[in-house]
Amino acid sequence: MADIELKQVEKRFGEHYAVRPLDLFIKNGEFVALLGPSGCGKTTTLRMIAGLETVSGGRIILNGQDVTWLKPSQRDVAMVFQFFALYPHLTAWENIAFPLQAEGESRENIKRRVKEVAELLRIEPLLKSRPGALSSGDQQRVALARALVRRPSCFLMDEPLGALDADFRETMRSEIKRLHILQNATTVYVTHDQIEAMAMADRIVVMSQGVVQQVGTPAEVYHTPSNLFVAQFIGSPGMNLVKGTWADNVVALPGGNRYAPPDGWPAALHRGLSGSGVIVGFRPEAVQIHPNGQLAAGVYSVDLHGSYTMLVLEMGDDHSIHARVSRDAHFTVGETIRFDLNPSMVRFFDPKTERAIAHSA
Amino acid sequence: MQLTQTQTAPMHRRRSLTDVQIQVLFIAPTIILLVLWNIFPLFYSLYLSFTEFSVIKPDVPPAWIGLQNYNKLLNDPRIWQYFALTGRYVVTTVALQAIIGFGLALFLRERFKGSGLVTTLILIPIMMSPVVIGLFWKLIYNPAFGIFNYLIGYSVPNSGPDWLGEASRALWAIIIVDVWMWSPFVMLLCLSGLKAIPDYLYEAAAIDRASPWFQFWRITLPQVAPLLLIAILFRTIEAFKTFDLVMGLTGGGPGDSTELIAVYLYRAAFTRFTTGESSALAYIILVIVIAVSNLYVRSLNRIRGEQ
Ligand SMILES: Nc1ncnc2c1ncn2[C@@H]1O[C@H](COP(=O)(O)OP(=O)(O)OP(=O)(O)O)[C@@H](O)[C@H]1O
Ligand SMILES: [Mg+2]
């Protein structure tokens, strides 16, 4: 079991920064997801922790020991690769036994440990097959078993579910979560799927273009995004972001709407905004339909989902926002509705710096 | 009625016959050549192996003598001696080629400055004619002025061994030349096998804490094994038939110390002209080569099946 600490770790490929200087502390037993769009440097970060990629700067500390210049084999990490990276010429059993054999474990120990981990992952019937004969889900289980068998101090997983069918992902997702709870090993999990990150991680590291945008619990990154990128990237759809102008303690929004920020915000906006421009951000579920609501918008489309209805509203010309409402309510396209925003769920951003404004309280 | 028929029939016929006929037209010349050049001699020599016949006496027709040729050959201790010599030669030369070729491939797999040039230089022996190579090496081995003895430490002319002139060394001299000539071939196949091993296998092995030695035995070797086996198969068949090198270097001598079976066969067929008997010997060699190749193909299929 181990803490992982990254101090100003960076990676350049030539002139190009894959990862800009990054600080991160991962507690023993924590499940941390690296989340971000393609090419943002998630894999590179993970490979630096594993030792498969050398750092261009900074230090990596594993369990109190500086491992920056140690080989992967000297770091006591296990990794699950995106496309499994199983040894194609070895059976599932031999694949799982590989790390133990490499360490020169005794035959009995190897047999026992492989059996244990195969039971844990429910793959005993597959042990004689070669990877080529297994479904991708089973290959994934074998890859997990190979990582688990050595009981390393931390697990690194690079989009381990990326190659699986959609319906199978959910099963494996809960399986990985179950394993993490059972083993309580520090886990760094790379994904570009925010649903996966939200469902599994204790903390999420949101990255974009090699820069860490925010580190926080799933609730924090969802409800209190630190900037516009996180606000848009997290959630599907992302946070509604409406441009407005801040004057006389009121935000003027498109379509002639005027919005008075809830308690505590006016002071914060006075202090925090760099100009008169402001962006109001709120999640679809913050919309509260009310006949006397402060705001008005036209219904553009009505999407019925099983348990709720998603409205697309138009506020002024082509300023569309999403609103999540009860499935019992009925709306017709084209009608104008009035609504309020849940005061505890409204956020404000400075359009120039793109950063969130801190609440006063 | 008549008129319509003559108008539509040719069109119809042409179209329905195209596929098959064109296929036949393309295949026929090849088949005819194959039969004339390969199949016919194959069966004709099989027939001759059961006869008493010599090509230099064409007016004496082949006389059927049943299994007498085979009987005579298989009871001739000299033939067994030459087969044993050939076996020793094949095993030694192919084993050395496999080890050296694989080693060279491991070395050249690392990209370094000039590795492309080195690869090309190493491949040159394959491109040369065996006759030329024989003549070259005769000079290289020459005890008076050859460079070989000089390189292995005999700096005074005529102080080193006469490689081609001593019965105990002549076979080794041929093996050295064969290894020099054909290790690059093994290297070439192994190199393409090595380059096809994906990097992620080594990354996974590094994470799994495998030592370089363990990685070699558990990843590199099994991954290259199919190609290495193919190289060994080719070289075994070729080594069995080694003839031109021997003729160029020793002519089978001194004595019969380098009389490989192919050389003996050549003498039987084209100096003594015992055509019937040499056909029988050729068939014995063929059966052995087929049997040996089958063993290889079987182990190759087993390895393939495992992947
Ligand atoms: N070996 C390399 N050489 C040069 N550039 C590289 C190399 N590896 C990665 N990069 C670059 O570094 C950046 C980050 O790559 P990385 O693979 O870490 O992204 P990622 O977040 O894992 O993306 P994805 O979701 O597509 O896997 C990309 O712009 C990529 O092109
Ligand atoms: Mg990646």
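Bear in mind the structure is a predicted one, so any value in this text is a computation, not a measurement. Starting from 1, residues in each chain are numbered consecutively following that chain's sequence as written. Chain A is the first chain written and ligand 1 is the first ligand written, with later ones labelled in order. In keeping with the predicted nature of the model, local features appear solely for residues at pLDDT of at least 70, side-chain atom pairs appear and are counted solely at 80 or more, and the whole-chain, interface and lining totals rest on all residues. Here the side-chain values reflect all heavy atoms present in the structure, with hydrogen atoms and water set aside.

Caption draft 1: Fine view of the overall build of chain B. A run of DSSP states H or I qualifies as a helix once it reaches four residues; a run of E qualifies as a strand once it reaches two. Both are numbered from the N-terminal end. A count of helices and strands for chain B gives twelve helices and two strands. Against the 2.2 N^0.38 benchmark of 19 Å for 307 residues, chain B shows a C-alpha radius of gyration of 27 Å, more extended than a compact globule. Principal-axis analysis of the C-alpha atoms gives chain B an extent of 95 × 65 × 35 Å. When accessible area is computed with a 1.4 Å probe and restricted to protein chains, residues below 20% of their type maximum are described as buried, those above 50% as exposed, and intermediate ones as partly exposed. By the burial criterion, 40% of the 307 residues in chain B qualify as buried. Residue pairs in contact within chain B that sit at least 24 positions apart in sequence constitute 66% of those at least 6 positions apart. Carbon and sulfur atoms form 69% of the exposed surface of chain B, whose accessible area is close to 17,700 Å². Considering chain B, the positive charge centre built from 22 side chains and the negative charge centre built from 17 side chains are found 6 Å apart. Restricting the calculation to C-alpha atoms gives the radius of gyration, and the globule rule supplies 2.2 Å times the number of residues raised to the power 0.38. Any pair of residues with heavy atoms lying within 4.5 Å of one another is described as a contacting pair. Surface accessibility in these figures is a Shrake-Rupley result with a 1.4 Å probe; residues are shielded only by whichever protein chains are displayed. In this count, Lys and Arg are taken as positive residues and Asp and Glu as negative ones, while His and the chain termini are left out. Taken as the charge location is NZ of Lys, CZ of Arg, CG of Asp or CD of Glu.

Caption draft 2: Structural view of the overall build of chain A. Looking only at helices and strands, one finds nine helices and 20 strands in chain A. With the C-alpha coordinates aligned to their principal axes, the bounding extent of chain A is approximately 75 × 45 × 35 Å. Taken across its 361 residues, chain A has 53% of its residues classed as buried. By sequence separation, contacts in chain A at least 24 residues apart represent 67% of the contacts at least 6 residues apart. When the 37 basic and 39 acidic side-chain charges of chain A are each reduced to a single mean position, those positions are 6 Å apart.

Caption draft 3: Here's a closer look at the nonpolar core. What makes a nonpolar core is a set of buried Ala, Val, Leu, Ile, Met, Phe, Trp, Tyr and Cys residues whose side-chain atoms join them at distances within 4.5 Å. Counting residues in hydrophobic clusters, the biggest one holds 99 residues, and the most contacted among them are Tyr141 and Leu281 of chain B. In terms of residues, this core owes the most to one element, helix H7 (residues 167–195) of chain B, which gives 14 residues. Grouped together as the second largest cluster of nonpolar side chains are 46 residues, Leu35, Ala143, Leu148 and Tyr189 of chain A included.

Caption draft 4: Representation of the domain arrangement of chain A. All names here are of chain A. Per the annotation, domain bounds derive from an automatic or database assignment of domains. Under the domain assignment, chain A is made up of domain 1 (4–229) and domain 2 (237–349). Each of domain 1 and domain 2 has a C-alpha centre, and these two points are 39 Å apart. In this complex, domain 1 contributes seven residues to the contact, which on the side of domain 2 involves eight residues. What gets called buried area is simply the loss in accessible area from a 1.4 Å probe that two parts show on being joined, summed for both. Between domain 1 and domain 2, the buried area comes to about 640 Å², and carbon and sulfur atoms account for 61% of it. Broken down residue by residue, the surface that domain 1 buries against domain 2 is led by Tyr222, His223 and Leu228, which jointly contribute 74%. N or O atoms closer than or at 3.5 Å make up a polar contact, with two conditions inside protein: a donor-capable atom paired with an acceptor-capable one, and, for residues adjacent in sequence, both atoms drawn from side chains. Between the two partners, domain 1 and domain 2, sit three residue pairs in polar contact (both at pLDDT 80 or more). For the side of domain 1 that touches domain 2, the leading source of residues is helix H7 (residues 218–223), giving three residues. All amino acids are sorted into three groups, where Ala, Val, Leu, Ile, Met, Phe, Trp, Tyr, Cys and Pro are nonpolar, Asp, Glu, Lys and Arg are charged, and the leftover types, Gly among them, are polar. Split into classes, the residues belonging to the side of domain 1 that touches domain 2 amount to four nonpolar, three polar and no charged.

Caption draft 5: Examining the site of ligand 1 more closely. Residue and element names in this part refer to chain A. The environment of ligand 1 is made up of Phe13, His16, Ala18, Ser38, Gly39, Cys40, Gly41, Lys42, Thr43, Thr44 and Glu159. The separation between an oxygen atom of ligand 1 and a polar side-chain atom of Ser38 is 2.5 Å. Within the contact set of ligand 1, an oxygen atom lies 2.5 Å away from a side-chain nitrogen or oxygen of Thr43. When ligand 1 is considered free in solution it has 630 Å² of accessible area, and contact with the protein chains removes 60% of it. Those elements giving two or more residues to the shell around ligand 1 turn out to be strand E2 (16–26) and helix H1 (42–50). Examining the composition of the shell around ligand 1, we find that three residues originate from one element, H1, more than from any other. The cutoff for a nearby residue is simple: one of its non-hydrogen atoms must lie within 4 Å of the molecule or strand.

Caption draft 6: Quick look at unusual backbone geometry. Residues and elements named next belong to chain A. Omega for the peptide link from Ser236 to Pro237 comes to 0 degrees, which places this bond in the cis form. Within the secondary structure, Pro237 sits in the loop between helix H8 (228–233) and strand E11 (240–247). A positive phi is found at Asn184, a non-glycine position, where the angle reads about 50 degrees. As for its position among the elements, Asn184 is in the loop between helix H5 (166–183) and strand E8 (186–191). Relative accessible area serves as the criterion here: at 44%, Asn184 is assigned to the partly exposed category. In this structure, Asn249 takes a positive phi of about 60 degrees despite not being glycine. Structurally, the position occupied by Asn249 is in the loop between E11 and strand E12 (250–252). In this structure Asn249 comes out as partly exposed when scored by relative accessible area, which is 41%.

Caption draft 7: Summary view of helix H3 (residues 77–109) of chain B. Multiplying 1.5 Å by the helix residue count minus one yields the expected span of that helix. With 33 residues, H3 of chain B should cover 48 Å at 1.5 Å per step; its first-to-last C-alpha distance of 47 Å lies within 8% of that length. The N-capping residue of H3 of chain B, defined by a side-chain oxygen 2.9 Å from the backbone nitrogen of Arg78 of chain B, is Asp76 of chain B.

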